[in-house]
Amino acid sequence: MKLIFSIISLAVFMAASSFVFASGSIENTQNDVPAAEAEQQNETEKTAEQPKKAKPSKSKTMLKAFNKAVEERDYIAGLEIWQNAEDYINSEEENKEDISEAFSTIENTINEYLNDVQFEKVSVPPATTKGKAFKSAFSVKLVSKTGMVNPQNLKYTVTYPIIDAEGKKTTATQVLEPSEDGTIEFTSPAYQGAISSSATFKVDLPEIVYTDFENTPTIDLPYLVATNMKASGGSIAIVDFTKAGKPITSNSETSSAVLTELIKKGFTRIGNCDFVNEVVSKNDAAVQRSAVELFGKSVTYLIYGTVKYDTVEKTDAGFHVVLRAELKARHILQNKELFATTIISEATEKSEWAAINAARKKLAYTASNQVLYGM
C-alpha cells in the first residue's frame, strides 16, 4: 500500500510541476498583457511622431512624366500627357489642383517640337486615267531641323479619295510606317472615276492635336485622275450673256475658248452646238431630248451652261471684270449628269475688252480642267 501511494503522489507532483513550467505562474501571466499593450502603444506614438511624405501634386507628376518623354524623344507619349493635362483642366472635378503652369510648359515644348519638323515632297506620280493605277508611289519625308524629333520613331497617315460600294465619292485613311531611310510611301489603288484632289500626309496623332496646334505638319500631293472619255465624242453648248443680262444667240465665245483648251488636253471628236433655249431654261430633260434628236448615238457627252457678268467696273487699276459660269456635263447615251460646277473668273486690265477676254480665258482653262478631271 505504501508503495502504491508513493507512486500516485509522485505522479501528481510531476503533473503539477509540468503545468507550472508550461504556463508560468498566475502572477507572471497577468503581468504579460499590460506589457504588450504598452509596447504597442509606444510604437503607435513613434509612428504618429514621424511626418508623412507629401504626395506629389498632379502638376509635378505630369511634368515629370512629360520631361522623361522629351528626354527619350518619345513624341507620342508627350502628346498623350498633354492631352491628359488638357482634359483634366477642362474637367468639372472639384478641388482639382492648379496645373496651369505645368500645362503651359508642356504646351510650349510641344510647339517647339512641331516647329522643328516639316514634310518634304519626294515624288508625285503623273496623272492617271479612270480605272488605271498610278505608275508610281506618292512619297514624302518628315525632316527635323535640329534633330529634336526622330521622324523614324513616328507613324504617319495618308488620306486619299475613293469611290465606295454605293458609288459615292469619299475618302479613306491608311496608317504608314517610314522605310529605313525615313521615306513614307503610299501606293494608291486604282480610282474608279475622274478627280482632281489631294493625297494628304500627316503624322499619326490624335485629331485634337491638329485642332489645337496650328503648326502640326501636313502636306498635300496632287491626286489627279483624268476621264477616260477623251476620244468618246462630245459637244459643247455654253450660252454667253450680255452685260444687260440677255442671252447671245449668234455665237458663244466661251464655248469656243473651252473647246480650244480641251483640244490642247487631248480631247478628240468634239465641237460646238447650239441649244440656246433649252440651256437658258435650265431644263435638263429638254437638253437631253434635243441632244438625242440632233446627235443620235454619235455623241457620248454634252458640256453646257451659261456665262454671265457679275461685275464690270472702272477702277484705278483699269477695268475689273468678274464672270460667273454655271456648267454641267451630261452623258447623253446614259441619260445621266456627270458633274455640275460653278466657276468664278475675274481679271483687271487697262481696257474693258482686255479684262473680259482675260477673264474668259481663265474661265475656259478652269472649265477644261474640270471636264478633264470631273467627267
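Preceding this paragraph is the structure being described.
Residues numbered from 1 in each chain as written. Predicted model: local features only at pLDDT ≥ 70, side-chain atom pairs only at ≥ 80, totals over all residues. Heavy atoms only, no water.

## A short note on the side chain of Ser290
Logical step 1: With respect to the helices and strands, Ser290 occurs in helix α9 (residues 284–295).
Logical step 2: With a relative accessible area of 14%, Ser290 lands in the buried category.
Logical step 3: Side-chain polar atoms of Ser290 contact the side chain of Glu278, separated by 2.8 Å.
Logical step 4: Excluding residues within four positions of it along the chain, Ser290 makes contact with Phe275 and Glu278. (Helix = DSSP H or I, 4+ residues; strand = E, 2+ residues; numbered from the N terminus. Buried < 20%, exposed > 50% of the residue type's maximum accessible area, 1.4 Å probe, protein only. Polar contact = N/O pair within 3.5 Å; in protein donor to acceptor, adjacent residues only side chain to side chain. Contact = heavy atoms within 4.5 Å.)

## So, the pairing of strand β11 (residues 301–315)
Logical step 1: Relative to β11, strand β9 (residues 234–240) runs parallel, the two being bridged by 7 bridges. Paired with Ser235 across the strands is Leu302, a residue of β11.
Logical step 2: Note: β11 against strand β12 (residues 318–331), 14 bridges, orientation antiparallel. Residue pairing for β12: Tyr309 is matched across the bridge by Leu323. (Pairing = 2+ DSSP bridges.)

## Digging into the pattern of salt bridges
Logical step 1: Within this structure, the stated rule accounts for 9 salt bridges.
Logical step 2: When the shortest N-O distance is used, the salt bridge between Arg360 and Glu253 registers 3.4 Å. Of the two residues, Arg360 sits in helix α10 (residues 352–372) while Glu253 sits in helix α7 (residues 253–264), which places them 107 residues apart along the sequence.
Logical step 3: The buried category is assigned to Arg360, whose relative accessible area is 11%.
Logical step 4: Here Glu337 and Lys328 are joined by a salt bridge, their closest N and O atoms 3.6 Å apart.
Logical step 5: Exposure remark for Lys328: the relative accessible area of 25% places this residue in the partly exposed category.
Logical step 6: Put simply, Glu261, Lys264 and Lys265 are held in one network by salt bridges that share partners. (Salt bridge = Lys/Arg side-chain N within 4 Å of Asp/Glu carboxyl O.)

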